[in-house]
Amino acid sequence: MKLWKTILTAAALVLSAGTSAFAARTDLVIGITLEPPHLDPTAGAAAAIDEVLYANVFEGLTRIGANGEVLPALAESWTVSDDGKVYTFKLHSGVKFHDGTDFNADDVKFSLDRARADNSVNAQKGLFAAIDTVEMVDPATVRITLKNPQSSFLYNMGWGDAVIVAPETADINKEKPVGTGPFKFQNWAKGSSITLVKSDTYWGAPVSLDKAEFRIVTDAAAAVPALLSGDVQAFPFFDPDSVAQIQGDPRFKVMIGATEGETILSMNNKKPPFDRLQVRQAISFALDRKAIIDGASAGLGVPIGSHMSPANKAYVDLTGLYPHNVEKARELLKESGLENGFKATLKLPPPPYARLGGEIIASQLRDVGIDLQIVPVEWAQWLDQVFTRKDYDLTIVSHTEPNDIDIYSRKDYYFNYDNPTFDKIIADLNLTSDEAKRMTLLGEAQKILADDAVVGFLYELPKVGVWDAKLEGFWKNAPIQANDLTKVKWTE
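Residues numbered from 1 in each chain as written. Predicted model: local features only at pLDDT ≥ 70, side-chain atom pairs only at ≥ 80, totals over all residues. Heavy atoms only, no water.

Caption draft 1: Up close: the overall build of the protein. Counting secondary structure elements, the protein contains 12 helices and 19 strands. Compactness check: the protein gives a C-alpha radius of gyration of 25 Å against a globular reference of 23 Å for 492 residues, within 12% of the reference. Taken along the three principal axes of its C-alpha coordinates, the protein extends 105 × 55 × 40 Å. The buried share of the protein, reckoned over its 492 residues, is 54%. As displayed, the protein has an accessible area near 20700 Å², and 53% of this comes from carbon and sulfur atoms. (Helix = DSSP H or I, 4+ residues; strand = E, 2+ residues; numbered from the N terminus. Rg over C-alpha atoms; globule rule 2.2 N^0.38 Å. Buried < 20%, exposed > 50% of the residue type's maximum accessible area, 1.4 Å probe, protein only. Areas by Shrake-Rupley, 256 points an atom, 1.4 Å probe, with all protein chains shown as cover.)

Caption draft 2: Focus on empty space enclosed by the protein. Taken as a whole and assessed by the stated rule, the structure comprises six cavities of 30 Å³ or more. Of the volumes computed, that of the largest cavity is approximately 720 Å³. Counting residues per element, the ones that place at least two in the lining of the largest cavity are strand S1 (27-32), helix H2 (47-53), strand S12 (252-267), helix H9 (352-366), helix H10 (379-388), strand S16 (394-399) and strand S17 (456-468). Within the lining of the largest cavity, the residues separate by chemical class into 30 nonpolar, 10 polar and five charged. (1 Å grid on protein atoms, 1.4 Å probe; cavity = no way out; pocket = protein on both sides within 12 Å on 5 of 7 lines; lining within 4 Å. Points joined across faces, edges and corners; volume = space filled by probe spheres on them. Nonpolar A, V, L, I, M, F, W, Y, C, P; charged D, E, K, R; others polar.)

Caption draft 3: Spotlight on the confidence of the model for the protein. The share of residues in the protein with pLDDT of 70 or more is 96%, and the mean pLDDT across the chain is 93. Across residues 1-20 the pLDDT falls below 50, and counting only partners more than four positions away or on other chains, this stretch makes zero contacts in the model. (pLDDT = per-residue confidence, 0-100. Contact = heavy atoms within 4.5 Å.)

Caption draft 4: Structural context of the packing of helix H11 (residues 420-431) against helix H12 (residues 435-451). Relative orientation of the contacting elements H11 and H12 amounts to 155 degrees, with a least axis distance of 10 Å. Considering the angle they form, H11 stands roughly antiparallel to H12. Viewed along their axes, H11 and H12 form a crossing whose handedness is left-handed. Along its contact with H11, which presents Thr 421, Phe 422, Ile 425, Asp 428 and Leu 429, the element H12 presents Arg 438, Leu 441, Leu 442, Glu 444, Ala 445, Ile 448 and Leu 449. (Axes fitted to C-alpha atoms, helices over the stretch in contact; angles between N-to-C directions. Parallel < 35°, antiparallel > 145°, perpendicular 65-115°, else oblique. Left-handed = near helix turned anticlockwise from the far one by under 90°.)

Caption draft 5: Quick peek at the domain arrangement of the protein. Taken domain by domain, the protein holds domain 1 (41-51 + 58-171), domain 2 (183-257 + 463-490) and domain 3 (260-462). On the side of domain 3, 14 residues touch domain 1, which itself brings 11 residues to the contact. Buried area between domain 1 and domain 3, both sides added, is near 1100 Å², and the carbon and sulfur share of it is 53%. Inspection of the region where domain 1 meets domain 3 yields zero salt bridges. (Domains from an automatic or database assignment. Buried area = accessible area lost by both parts, 1.4 Å probe. Salt bridge = Lys/Arg side-chain N within 4 Å of Asp/Glu carboxyl O.)

Written out as structure tokens, the structure reads:
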């Protein structure tokens, strides 16, 4: 009997060892192109912040899902008053921040009041403009009263800029973020990587990964070798020009989806000569979108004629308003008194779509007499010089925030655009929940931006994702700027 028991025990150990040997991996290295300037989603406009932290470390009352839908997050449910102005949120109980402190209604009130304060550094203060009061009913209940009904309110509360932070740690989140999410921050090796680890105290469904390292790979040419060597197992936002080197390799999945990234040639509308409509229209006619899309997005971008994703049901196709027409561009420049052309600067941030697109656009504008000096800038410089101080002539960037056509109504926004008629449409849009009326208003808004040639509308940035074939759970599309790891796992 003892011998038989020994054999059974040994067999069990072998079986256990075999099962362990074939257990799925729980670590992951994800490649990202841009290093975040800091790690606080409530204090910066850089998409790279949310690409690391959204839904992973930080959570809001609501969250945006893979298909752009509004889902419960820290709020398990909510009710809305008949007049559409009062939202009462029931919060999950037993939630803790990663430093061990309890989450409750006080944290919600603190976060929303902080975001909408006069001295707020939140990059999307407009998300909170409709809020009148935030009240703690009890530790698990928050009542938010709006100044007026706002049909997008629940969606707005799902943005990265609206995540909930604790008063005890709000001031250190830029360097050591403390949230309530399924992952907690472990380390930031500046210029190299940001590492998250699984939170053992997470209130919700546990994640499959124990560790996720976001490896910063700024050189697009280095991405393919990193994948082939196995040093990096996933690039959720991959350089389109490099897809051909990976496509067809059975070791990898290649997913081509859509984003909310309107890629534009931004113009400083208050800086001569871009303060003249004819000059902006001339630039729009000079742009050959097909050549730009082919050269900067491997032909995968979808052309746009205004600030709206073609995937949005409110999209109006205005690409025909400014067909590529060199003679028309020269004619408009002559009418504006610039028949001999002019010189300007084009500041380009690091992403390949900007650097590659910039070279193509500079060549196209040179054909109509506009001589551009290309000025490459790092992301932090772009945020400071272009976005904050408006010290620029032209620049190229993808606006990846969802449903953000309202940015053209913001008086301190870097476009320096001012049109009271457009502002009125956005104000009316915020006050109506009638779907048909909203579609009409959004169509009118798109038309005004196109007619005014506020910027050069180029294309919708494609989302090209490449990852190990044994991985699943990454988003195909990007309705928001995020790398949500909550469903990501190895299959063997």
